[in-house]
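# Chain and residue survey
Chain by chain, the residues run as shown.
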Amino acid sequence: EKKWKYWANPPQTSSESKSIKDGAIKEFSGHRDKVRTVGWNCHGDKMATGSNDKMVKLWKMSSTQAVAELKGHTDAVWQLSWNPTHPDQLASAAKDSTVRIWDTRLKKAAHNIEIKGLNISCSWSSQGNYVAVGNMKDVMSVIDMRNNAKIMKNMKFRFMVHSMSWDKSEKYFIITTGNGTVDILSFPEMTPVHRVEAHTGHCHCMDLDREGKLIATGGGDALVQLWDTSEMACLRSFERLDSAVRAVSISHDSKYIASACYNDGFQGNPESRIDISEIKTGQSVHTEVSSVDIVDIDWSPVNNLLGIGGFSSSSRNKGVVSVFGAA
């Protein structure tokens with residue numbers, strides 16, 4: 001009797017995926033204005049957020065209130081980046097033309113680095129040796145943390161740079177662009193090595209897995225693409241969102257990928273969405289629909305807790321911080 005593959009049972013959902021599917025949102029309170037950035041430290045015991053209210057705040061799962069406030073910026077904080085090798089060192093880039101390197105134990109800035117321009121992005125290198133900062137005019141500065149946080153390089157790009165990161169070896173610098181590409185540059189020379197046509201619209205965001213074997217990108221074409229870093233071949237496309245992908249994150253064990261889109265007033269979509277899918281099968285595990293405008297997401301480096309940052313346009317852009325995870 002012939003057995004047709006078409007009638008084969010669909011892949012079974014794992015108990016881990018079921019716990020994510022049944023997850024709940026824990027809400028925090030504290031920011032008065034839009035939350036622009038969210039990220040966990042390397043131990044996964046602290047989460048940091050930056051906001052238009054000029055504040056950097058630290059959170060723990062044991063409380064719904066911030067456990068610390070890092071004060072000093074005089075304009076909106078657009079992006080944060082933890083040192084991947086130190087649980088208490090945090091970089092913040094703000095529109096006040098400064099980058100601050102914080103010692104979160106002391107709740108004070110160890111370095112206050114003046115960088116011309118409105119700084120909107122930053123990334124701490126994989127081995128903790130460098131911090132890259134980008135501004136609204138697509139000028140990138142590299143800070144050498146081994147040399148008392150001195151600026152070692154400035155580079156002007158002729159196109160929009162949305163996000164940036166290093167590979168595990170710190171020999172390559174990776175950027176996503178307004179041309180929809182992922183560009184790989186040698187470091188520290190910053191000479192082009194490889195370019196991938198990743199999206200038909202802007203390539204807004206990316207994330208590398210902990211082993212440096214995968215890169216996830218999100219674009220203005222509402223697609224999330226997953227790439228093998230050894231050949232920069234596309235392994236899988238995720239088509240779950242219906243507007244530009246603004247944030248993407250790979251889980252600590254590289255089993256799940258989370259992506260988010262929000263209504264920026266031009267897409268005509270009244271809802272923000274977060275999709276969580278299995279990397280191996282491509283199956284969607286959970287979709288979180290929210291009236292909150294989601295700006296950034298980040299998986300914990302130790303478990304399946306997803307940090308979420310954004311704002312409520314119906315509440316005078318009040319900042320929103322939450323964590324999605326097992327109930």
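Cut-offs applied
Residues numbered from 1 in each chain as written. Predicted model: local features only at pLDDT ≥ 70, side-chain atom pairs only at ≥ 80, totals over all residues. Heavy atoms only, no water. Helix = DSSP H or I, 4+ residues; strand = E, 2+ residues; numbered from the N terminus. Rg over C-alpha atoms; globule rule 2.2 N^0.38 Å. Buried < 20%, exposed > 50% of the residue type's maximum accessible area, 1.4 Å probe, protein only. Polar contact = N/O pair within 3.5 Å; in protein donor to acceptor, adjacent residues only side chain to side chain. Contact = heavy atoms within 4.5 Å. Salt bridge = Lys/Arg side-chain N within 4 Å of Asp/Glu carboxyl O. Pairing = 2+ DSSP bridges. Axes fitted to C-alpha atoms, helices over the stretch in contact; angles between N-to-C directions. Disulfide = S-S within 2.5 Å. Phe/Tyr/Trp six-rings, centres within 6.5 Å; stacked < 30°, edge-to-face > 60°. Lys NZ or Arg CZ within 6 Å of the ring centre and 35° of its normal.

### Quick word on the overall build of the chain
Within the chain, the secondary structure is distributed over 1 helix and 28 strands. Whereas a compact globule of 327 residues would reach a radius of gyration of roughly 20 Å, the chain reaches 19 Å, a difference of no more than 12%. Taking the principal axes of the C-alpha coordinates as reference, the chain spans close to 75 × 45 × 35 Å. Among the 327 residues that make up the chain, the fraction classed as buried is 54%.

### Let's talk about the side chain of histidine 199
With respect to the element layout, histidine 199 can be found in the loop between β17 (192-197) and β18 (203-208). Given a relative accessible area of 6%, histidine 199 falls into the buried group. In terms of polar contacts, histidine 199 uses its side chain to reach the side chain of aspartate 221, at 3.0 Å. Apart from the residues lying within four places of it in its own chain, the contact partners of histidine 199 are Asn179, Gly180, Thr217, Gly218, Gly219, Asp221, Leu223 and Gln225.

### Notes on the pattern of salt bridges
Enumeration over the complete set of coordinates arrives at 10 salt bridges. In this structure, arginine 195 and aspartate 183 form a salt bridge, with 2.7 Å as the shortest nitrogen-oxygen distance. Pair noted here: arginine 195 is in strand β17 and aspartate 183 is in strand β16 (residues 181-186), with a separation of 12 residues, a long-range link. Owing to a relative accessible area of 46%, arginine 195 belongs among the partly exposed residues under this scheme. Accessibility expressed as a relative area gives 4% for aspartate 183, which makes it buried. Residues aspartate 242 and arginine 273 are paired through a salt bridge, measuring 3.8 Å at the closest nitrogen-oxygen approach. In this pair, aspartate 242 sits in the loop between β21 (233-238) and β22 (245-250) while arginine 273 sits in strand β24 (residues 272-278), placing the two residues 31 residues apart along the sequence. You can call aspartate 242 partly exposed: its relative accessible area is 47%. Residue classification places arginine 273 among the partly exposed residues on the basis of a relative accessible area of 23%. Look at the salt bridges and you will find they share partners, linking Lys46, Asp88, Asp103 and Arg105 into a network.

### A short note on the sheet that holds strand β13 (residues 150-156)
To summarise the sheet geometry, strands pair through backbone hydrogen bonds and adopt either a parallel or an antiparallel arrangement. Overall, antiparallel pairing links the 4 strands, which are arranged β10-β11-β12-β13 in an open sheet. A strand with exactly one partner marks an edge of an open sheet, and here the two such strands are β10 (119-124) and β13. For this sheet, the mean angle separating the axes of adjacent strands, direction not counted, is 20 degrees. Pairing between β10 and strand β11 (residues 130-135): 5 bridges, direction antiparallel. Bridging from a neighbouring strand, serine 123 pairs with alanine 132 of β11.

### As for the pairing of β13
In the sheet, strand β12 (residues 139-144) pairs with β13 via 6 bridges, with the strands oriented antiparallel. Pairing of valine 139 across the sheet is with lysine 156, part of β13. The hairpin formed by β12 and β13 contains 5 residues between the paired strands, and asparagine 148 there has a positive phi angle of roughly 55 degrees.

### Things to note about the sheet that holds strand β7 (residues 89-94)
Across the sheet, which stays open at both edges, the 4 strands sit in the order β6-β7-β8-β9 with antiparallel pairing between neighbours. The strands lining the two open edges of the sheet, one partner per strand, are β6 (77-82) and β9 (108-114). Geometrically, the sheet is characterised by an average inter-axis angle of 20 degrees between neighbouring strands, direction not taken into account. In this structure, strand β8 (residues 98-103) lies alongside β9, joined through 6 bridges in antiparallel fashion. Each bridged residue has a counterpart across the sheet, and for arginine 100 the counterpart in β9 is asparagine 112.

### Regarding the state of the cysteines
Here a disulfide denotes a covalent bond joining the sulfur atom of one cysteine to the sulfur atom of another. According to the stated counting rule, one finds 0 disulfides in the structure shown. Free cysteine cysteine 122: the closest other cysteine sulfur is in cysteine 205, separated by 16 Å. A residue is classified by how much of its surface remains accessible, and cysteine 122, at 5% relative accessible area, is buried.

### A word on the packing of aromatic side chains
Taken as a whole, this structure holds 7 aromatic pairs when the rule is applied. Judged by centre distance (5.4 Å) and plane angle (85 degrees), the rings of tryptophan 166 and phenylalanine 187 are edge-to-face. Note that tryptophan 166 is positioned in strand β14 (residues 161-166) and phenylalanine 187 in the loop between β16 and β17, a separation of 21 residues in sequence. The exposure class of tryptophan 166 is buried, given its relative accessible area of 3%. Both rings, one in phenylalanine 173 and one in phenylalanine 187, keep their centres 6.4 Å apart while their planes meet at 35 degrees; by these two values the pair is tilted. Residue phenylalanine 173 is located in strand β15 (residues 172-177), and its partner phenylalanine 187 is located in the loop between β16 and β17; the two are separated by 14 residues in the primary sequence. In this structure, phenylalanine 173 and phenylalanine 187 share a single accessibility class: buried. Here the aromatic residues Tyr130, Trp166, Phe173 and Phe187 are joined through ring pairs into a cluster of three or more. One cation-aromatic arrangement involves lysine 34 over phenylalanine 311; the distance from NZ or CZ to the ring centre is 4.5 Å. Above the plane of the ring of tryptophan 78 lies arginine 36, whose end atom (NZ or CZ) is 4.1 Å from the centre.

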